[in-house]
Amino acid sequence: MKSTPRPLAQRQGIIFILSAPSGAGKTTLYHGLRELYPEITLSVSCTTRAPRRGEIRGRDYRFITARQFNALKRRDAFAEWAQVHDYFYGTPKRPLDQAVKAGRDILLDIDVQGARKIKRRYPDAVAVFVLPPSMGELKRRLSARGTDGKKIIERRLANARGEISELIKYDYYVVNRQVGEAVKTLSAIVEAERVRTSRARNWRLAPLRARPGDLQGSDEGR
Ligand code: 5GP
């Protein structure tokens, strides 16, 4: 059996942030990325909104009351929190810190306010913004869901314009024209960030260092 080679260096876990306007297809990309990288931990946020059909407590969110949310806020249990639409959302701090410390990468699905706060608190975090191919396509996707009235769709579109203007503060953007292609771009981001030399600690370079004479003649005749 082939054994996994020891890594050449160690690093802390990377915080990957994924933000997108509602309807840009972030959830699909999130799951696509998760399929490719099952080892990436998913951060489970707390929210004061009610569960939607199909959502599972503890997997999609920790659904809590406003009172519980305030108590957690007072205890400084959130790495960031924000009000999104009419509800409160917060990223629990402890699992985030534990993942980073243990060298496990962690994925956060949070809005632009949260992304800004996380980047301030964890400057090595990687923020990715998912864009729809166009506003027209975003409108079409929001309408095709069939779950929201015209007024809500208009509000989401107005919010989307505001969120897209924050795009420049992100490290990367991914246009979700076609899911497979967008997941491929996300995967390229993950791979590149994992091999950033500035993240590496405790290098184990000795096995790679050439001894005198090792390289002599190796390139001859090429
Ligand atoms: P939804 O209610 O549709 O699941 O999420 C609404 C918005 O809240 C999405 O943009 C989602 O990314 C964002 N969100 C979810 N969890 C958090 C969180 O813990 N913090 C922040 N700032 N935003 C969150």
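Preceding block: the structure.
Below or above, wherever it landed, is the structure these notes cover.

About the thresholds
- Every residue gets a number counted from 1 within its own chain, in the order that chain's sequence is written.
- Confidence filtering applies because this is a predicted model: local features only for residues at pLDDT of at least 70, side-chain atom pairs given and counted only at 80 or more, and all residues used for totals across whole chains, interfaces and linings.
- Side-chain descriptors were evaluated using all non-hydrogen atoms of the structure, hydrogens and water having been removed beforehand.
- Salt bridge, as used here, is a side-chain nitrogen of Lys or Arg placed within 4 Å of a carboxyl oxygen of Asp or Glu.
- Per-residue accessibility, obtained with a 1.4 Å probe over protein chains only, is compared with the maximum for each type, and a residue is labelled buried under 20%, exposed over 50%, and partly exposed between these values.
- Only a single heavy atom is needed: when it lies within 4 Å of a molecule or strand, its residue is near that molecule or strand.
- Here a polar contact means two N or O atoms within 3.5 Å. Within protein one must be a hydrogen donor candidate and the other an acceptor candidate, and residues neighboring in sequence count only if both atoms are side-chain atoms.
- Residue burial considers only the protein chains on display, and all accessible areas are found by Shrake-Rupley using a 1.4 Å probe.
- Helix and strand definitions here come from DSSP, where helices need a minimum of 4 consecutive H or I residues and strands a minimum of 2 consecutive E residues; each element is numbered from the N-terminal end.
- Ten residues, namely Ala, Val, Leu, Ile, Met, Phe, Trp, Tyr, Cys and Pro, are considered nonpolar, four, namely Asp, Glu, Lys and Arg, are considered charged, and the remaining ones, Gly among them, are considered polar.
- Contacts are assigned to residue pairs that have any heavy atoms within 4.5 Å of one another.
- The arc in question is the one traced by the directions running from the helix axis out to the C-beta atoms.
- Among the buried residues, those of types Ala, Val, Leu, Ile, Met, Phe, Trp, Tyr and Cys that are joined through side-chain atoms within 4.5 Å form a nonpolar core.

Concerning the pattern of salt bridges
Stage number 1. In this structure the tally under the stated criterion is 16 salt bridges.
Stage number 2. Across the salt bridge formed by Glu-193 and Arg-196, the nearest N and O atoms sit 2.8 Å from each other.
Stage number 3. Judged by its relative accessible area of 41%, Arg-196 falls in the partly exposed class.

Quick look at the site of the ligand
Stage number 1. As a structural note, the neighbourhood of the ligand is formed by 15 residues, with Ser-45, Arg-49, Tyr-61, Glu-80 and Tyr-89 the closest of them.
Stage number 2. In the environment of the ligand, an oxygen atom lies 2.6 Å from a nitrogen or oxygen atom belonging to the side chain of Ser-45.
Stage number 3. At 2.6 Å, a side-chain N or O of Tyr-61 approaches an oxygen atom of the ligand.
Stage number 4. Burial of the ligand by the protein amounts to 88% of the accessible area it has alone, namely 500 Å².
Stage number 5. Listed by contribution, the elements that provide at least two residues to the shell around the ligand are β6 (78-84) and β7 (87-92).
Stage number 6. Of the residues in the shell around the ligand, the class split is 5 nonpolar, 4 polar and 6 charged.

Remarks on the side chain of Ser-19
Stage number 1. Here Ser-19 shows up in strand β2 (residues 15-19).
Stage number 2. Among the residues examined, Ser-19 registers a relative accessible area of 0% and is labelled buried.
Stage number 3. At a separation of 2.7 Å, a polar atom in the side chain of Ser-19 contacts the side chain of Tyr-170.
Stage number 4. Setting aside residues up to four positions removed in sequence, Ser-19 forms contacts with Lys-26, Ile-110, Asp-111, Val-112, Ala-115, Val-128, Phe-129, Val-130 and Tyr-170.

With respect to helix α5 (residues 135-144)
Stage number 1. Taken together, the buried positions of α5 are Glu-137, Leu-138, Arg-141 and Leu-142. End-on view of α5: buried residues confined to an arc of 135 degrees, all on one side of the axis. Residues of α5 that are exposed and angled more than 90 degrees away from the buried face: Gly-136 and Ala-144.
Stage number 2. Those residues of α5 that are buried are in contact with α6 (150-164).
Stage number 3. Once α5 finishes, Gly-146 follows within two positions and takes phi at roughly 70 degrees, a positive value.

As for the environment of Thr-65
Stage number 1. On the secondary structure map, Thr-65 appears in the loop between β5 (62-63) and α2 (66-74).
Stage number 2. Given the relative accessible area of 44%, Thr-65 is considered partly exposed.
Stage number 3. Along the backbone, Thr-65 and Asp-124 are 59 residues apart, and their C-alpha atoms lie at a distance of 32 Å.

Considerations on the nonpolar core
Stage number 1. Of all hydrophobic cores here, the largest spans 20 residues; its most connected members are Leu-18, Leu-107, Val-128 and Leu-186.
Stage number 2. Elements that contribute at least two residues to this core include exactly β2, α1 (26-36), β9 (126-131) and α7 (179-194).
Stage number 3. When residues in this core are grouped by element, the largest group, 5 residues, is from α7.
Stage number 4. When near neighbours in sequence (up to four residues on either side) are disregarded, Leu-18 contacts Lys-26, Tyr-30, Leu-107, Leu-108, Asp-109, Ile-110, Val-128, Val-130 and Leu-186.

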